[in-house]
Amino acid sequence: MRGNVTVYGAYGHTGRFVVAELKRRGWTPVLSGRDPDKLNSLGVQLPDLDVRVAALEDSAALDRALSGSVAVINCAGPFAETVPAVVEAALRSKIHYLDIAAEIEANLDTLANYGNSARDAGIVILPAMAFFGGLGDLLATAAIGDWPNVDEISIAYGLASWHPTAGTRAAGKVSRERRGGRRIAFANGRLEHRDGPAPVGEWTFPQPLGRQRVVTEFTMADAVTIPHHIPVAEFRSYMTVAAVSDVIDPSVPPPIAADDSGRSSQTFIVDVVARLGSAVRRAVAGGRDIYAVSAPIVVEALGRLLNDTAAAPGVYTAGEIFDARGFLEALSPQPLSIELFLEGQKFDLAS
Ligand SMILES: NC(=O)c1ccc[n+]([C@@H]2O[C@H](COP(=O)([O-])OP(=O)(O)OC[C@H]3O[C@@H](n4cnc5c(N)ncnc54)[C@H](OP(=O)(O)O)[C@@H]3O)[C@@H](O)[C@H]2O)c1
């Protein structure tokens, strides 16, 4: 066994995938969250694991939930609500904190607010360590390689469909309220608010998706994580129109398990293109189920944080703290297929 890891929000849709992945990789998850009934019913399914109920307002209970663990993975969102209490508990317990937040404002707050306290406590704080925010950052960092700066990064999400969980819908609502109903786009080297609907265009993904209609300025957590450590003048993100139509339609149900692991049949391609002058570098990831795949991403980060990374305490993004190519290679060919092209030449991640 590799030690205890507290999962806050363990009974949520993504929290369950994280618990399963921790077990698969030899960690002992400690099941935590605010609802005793939901937590206990997960505990009945996993009788060998500790169940520790903790509401955000109860710092003593949070401390008990983190006691004896080497890290806490926060899977409870909206993260605008959960980050302060769970990060403060990690700081008191002096254990690493990782989350899967895909909320631009919450991600910005985490990166801005906790650097000094993380250094004082001797811990690493890693926000957005999941499909949105983490994967795009790793792909962009892997593609860019030795370039000192970049003129332009585009990240196109080719989701065949998007059945959002209750947590995704709640997080979207909180973010929309925080920005007064406006959209966010990255321009002139910073995040800016935009009024009116996002424009629609086209993006040519690698096969099998090919040419797709996409919503442009579909700004996700990558617009925080990538520019946080990569000097980039222009950053654009795109999402397939089909997925955006799903996620804004309140009648679209949550994901449905299509196999014994609980993964849905949703497929995705994440296509990252970086340009410096006339040189173009591209990293492409393909896989299944954006919620399920977040579990191996955050658990890989945990393992690297505890075993391989010599990073000083502080707050980081995935691409900033990890060897991005090595990280992606570890997740390839399953659960992600990864391809890297440098100036048109296919690059072997293992080289
Ligand atoms: N970055 C990414 O790519 C990525 C990937 C997956 C998920 N996420 C995000 O992760 C979050 C969870 O997603 P999910 O799919 O697991 O949703 P979910 O199934 O609805 O789970 C949400 C979890 O958060 C807990 N929670 C919400 N508010 C809380 C609060 N104030 N105090 C304590 N616990 C609270 C819920 O507990 P209750 O049931 O008691 O409310 C539940 O355990 C969402 O914000 C989602 O957007 C991001």
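Our subject is the structure that appears above.
One structure accompanies this document, and this report is about it.

Quick notes on the rules
- Residues numbered from 1 in each chain as written.
- Predicted model: local features only at pLDDT ≥ 70, side-chain atom pairs only at ≥ 80, totals over all residues.
- Heavy atoms only, no water.
- Helix = DSSP H or I, 4+ residues; strand = E, 2+ residues; numbered from the N terminus.
- Expected span 1.5 Å × (residues − 1).
- 1 Å grid on protein atoms, 1.4 Å probe; cavity = no way out; pocket = protein on both sides within 12 Å on 5 of 7 lines; lining within 4 Å.
- Points joined across faces, edges and corners; volume = space filled by probe spheres on them.
- Phe/Tyr/Trp six-rings, centres within 6.5 Å; stacked < 30°, edge-to-face > 60°.
- Buried < 20%, exposed > 50% of the residue type's maximum accessible area, 1.4 Å probe, protein only.
- Near = heavy atom within 4 Å.
- Polar contact = N/O pair within 3.5 Å; in protein donor to acceptor, adjacent residues only side chain to side chain.
- Areas by Shrake-Rupley, 256 points an atom, 1.4 Å probe, with all protein chains shown as cover.
- Nonpolar A, V, L, I, M, F, W, Y, C, P; charged D, E, K, R; others polar.
- Domains from an automatic or database assignment.
- Salt bridge = Lys/Arg side-chain N within 4 Å of Asp/Glu carboxyl O.
- Pairing = 2+ DSSP bridges.
- Contact = heavy atoms within 4.5 Å.
- Axes fitted to C-alpha atoms, helices over the stretch in contact; angles between N-to-C directions.

## Comments concerning helix α4 (residues 79–93)
The first and last C-alpha atoms of α4 sit 20 Å apart over 15 residues, in line with the 21 Å expected at 1.5 Å per residue. One or two residues past the end of α4 sits Lys 94, with phi positive at roughly 55°.

## With respect to the layout of surface pockets
A volume near 320 Å³ is recorded for the second largest pocket. Lining the second largest pocket are 17 residues, and of these Glu 21, Arg 24, Ala 292, Pro 296 and Pro 335 sit closest to its centre. Elements that contribute at least two residues to the lining of the second largest pocket include exactly α1 (13–24) and α11 (294–307). Top element by residues in the lining of the second largest pocket is α1. It accounts for four residues.

## Re the packing of aromatic side chains
With the rule as written, the count across this model stands at 10 aromatic pairs. On the basis of an interplanar angle of 80° and a centroid distance of 4.8 Å, the ring pair of Phe 131 and Phe 132 is categorised as edge-to-face. Taken as a pair, Phe 131 and Phe 132 share a single burial class, namely buried. With centroids separated by 6.0 Å and ring planes inclined at 75°, the aromatic side chains of Phe 186 and Phe 235 adopt a geometry described as edge-to-face. Here Phe 186, found in strand β8 (residues 183–187), pairs with Phe 235, found in strand β12 (residues 232–240); they are 49 residues apart in sequence, far enough to count as distant. Taken as a pair, Phe 186 and Phe 235 share a single burial class, namely buried. Taken together, the ring pairs connect Phe 131, Phe 132, Tyr 157, Trp 162, Phe 218 and Phe 268 into an aromatic cluster.

## Focus on the site of the ligand
Near the ligand lie 30 residues; those nearest to it are Tyr 11, His 13, Arg 34, Lys 38 and Phe 132. Residue Thr 14 places a main-chain N or O atom 2.9 Å away from an oxygen atom belonging to the ligand. Gly 77 is positioned with one of its backbone polar atoms (N or O) 3.3 Å from an oxygen atom of the ligand. Relative to its unbound accessible surface of 910 Å², the ligand loses 89% to contact with the protein. When its residues are assigned to classes, the shell around the ligand shows 15 nonpolar, 10 polar and five charged. Mapping the shell around the ligand onto the domain boundaries places at least three of its residues in each of domain 1 (4–130 + 295–321) and domain 2 (133–290 + 331–347).

## As for the pattern of salt bridges
This structure, assessed with the given rule, holds 23 salt bridges. Linking Asp 48 and Lys 23 is a salt bridge whose minimum nitrogen-to-oxygen distance equals 3.4 Å. Residue Asp 48 is located in the loop between α2 (36–45) and β3 (51–53), and its partner Lys 23 is located in helix α1; the two are separated by 25 residues in the primary sequence. Since its relative accessible area comes to 56%, Asp 48 is described here as exposed. Linking Glu 217 and Arg 194 is a salt bridge whose minimum nitrogen-to-oxygen distance equals 3.6 Å.

## Digging into the sheet that holds β3
If you walk across this open sheet you meet the seven strands as β3-β2-β1-β4-β5-β6-β15, and the pairing is parallel. Each edge of the open sheet carries a strand with a single partner, namely β3 and β15 (314–315). Together, β1 (4–8), β2 (28–33), β3 and β4 (69–74) form the strand contacts of helix α3 (residues 59–66), whose direction differs from that of β3 by roughly 160°.

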